[in-house]
Amino acid sequence: MAQQLLNGLFLGSIYALFAIGFTLVFGILDRLNLAHPAAFAASAFVGIWLTESFDLPIGVVLVLVFAFGAIVGLLIERIAFRPLKDRPDAHFAGLISSIAMGGMLIALLQAVFGPNTRRFPAGTVPDDAIEFGGVTASMLQIVIVAVSLGLMIALTLLVSRSSLGRSMRAVAENPGAARVLGVNVDRVTSITFAISTALGAVAGVLFALSVNSAQLGMGSAIELKGLAVIIVGGMGSLPGALIGGLVLGVAEVFAIQYVGSSWRDLIAFALLFVILLVRPQGLFGKRKVREV
């Protein structure tokens, strides 16, 4: 039981990191960036290329991939969202534009790296394991959980305690009022996309390490789970994305262990559906009050 719980937390931390990237843009800017899964996949391929070509340690690769993701996020915001921001249907137009941007990114990825599955070289993360209380944690699991939780804690502190975080919260509350008060809304928007995509980029590398493969469609496989996580956690809630990701990961691992791998997604999504029936606004979401 304890071993399966640890395995679930290990998987859930990747889901949570991916979902937090989604929910950061939605919670602050009220935009849904559907190019996020493509950046997730692209970063895994870039991480493998860096490791193979330059024999870099995984810590350096993660830092470089974080920077790569930030640049991709800036490009997504400038190309797919900013030109449409003054349209009356900016939310929907940005959604469609981000899908197109994601498709272009995957096509570019295929042109550069080809369509085949790629893997990190053997020994990228040491095969050592630590045993405590009858539970065994591999070095890979420890690295993934530590990196995921570290980035999520850093993001939480950034949003809650820094001047940039205060600007983000002001834009989330009322972009027009924030602009009047001197907040550079365009700058905050760009930084939000950069941080969001950088987190998704690191999640892509961690996911590729965990399954020992990277494929062009790997972002699509996790996209629905990321959306489910942010809905269950509460739209726009960073703590909700964290808890929702961990819940989904634990549910999947226990489903595989006690029911069978073919039931994994059914049981996991059924659990999330039950949570929404009990609490429609999500675990950490706030119920909106309708004024008349």
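Everything here concerns the structure above.
Residues numbered from 1 in each chain as written. Predicted model: local features only at pLDDT ≥ 70, side-chain atom pairs only at ≥ 80, totals over all residues. Heavy atoms only, no water.

Counting its secondary structure elements, the protein chain contains 11 helices and two strands. Element order for the protein chain, N to C, with α for helix and β for strand: α-α-α-α-β-β-α-α-α-α-α-α-α. Along the first, second and third principal axes, the C-alpha set of the protein chain runs to 55 × 45 × 35 Å. Within the protein chain, the proportion of its 292 residues that are buried is 50%. As presented, the protein chain carries roughly 14,200 Å² of accessible surface, and 65% of it is formed by carbon and sulfur atoms. (Helix = DSSP H or I, 4+ residues; strand = E, 2+ residues; numbered from the N terminus. Buried < 20%, exposed > 50% of the residue type's maximum accessible area, 1.4 Å probe, protein only. Areas by Shrake-Rupley, 256 points an atom, 1.4 Å probe, with all protein chains shown as cover.)

This part takes up the environment of methionine 139. With respect to the secondary-structure elements, methionine 139 resides in helix H5 (residues 139-161). What makes methionine 139 partly exposed here is its relative accessible area of 26%. Linking methionine 139 and asparagine 7, residues 132 residues apart in sequence, is a C-alpha distance of 13 Å. When near neighbours in sequence (up to four residues on either side) are disregarded, methionine 139 contacts Val125, Pro126, Asp128 and Ala129. (Contact = heavy atoms within 4.5 Å.)

Moving on to the packing of aromatic side chains. How two aromatic rings sit relative to each other is given by the distance of their centres and the angle of their planes. Tallying each qualifying case throughout the model produces seven aromatic pairs. Plain terms: the ring middles of phenylalanine 18 and phenylalanine 22 are 5.4 Å apart, the flat faces sit at 85° to each other, and that makes the pair edge-to-face. Placement of both phenylalanine 18 and phenylalanine 22 in helix H1 (residues 2-29) is noted, with a separation of four residues, approximately one turn of the helix. Residue phenylalanine 18 shares its accessibility class with phenylalanine 22, and that shared class is buried. Ring geometry for phenylalanine 18 and phenylalanine 40: centres 5.0 Å apart, planes at 80°, overall edge-to-face. With phenylalanine 18 in helix H1 and phenylalanine 40 in helix H2 (residues 36-54), the pair connects residues that are 22 residues apart, well separated along the chain. Look at phenylalanine 40 and you get buried, because its relative accessible area is 0%. An aromatic cluster is defined as three or more aromatic residues linked by ring pairs; in this entry it consists of Phe18, Phe22, Phe40 and Phe207. (Phe/Tyr/Trp six-rings, centres within 6.5 Å; stacked < 30°, edge-to-face > 60°.)

The next subject is helix H9 (residues 218-233). For H9, with 16 residues, the first-to-last C-alpha span of 23 Å sits near the 22 Å given by 1.5 Å per residue. The buried fraction of H9 is high, at 12 of 16 residues. Those residues of H9 that are buried lie in contact with H1, H2, helix H8 (185-211), helix H10 (238-258) and helix H11 (264-278). Looking one or two residues past H9, glycine 234 carries a phi angle of roughly 115°, positive in sign. (Expected span 1.5 Å × (residues − 1).)

What is shown is where atoms sit, not what they do.
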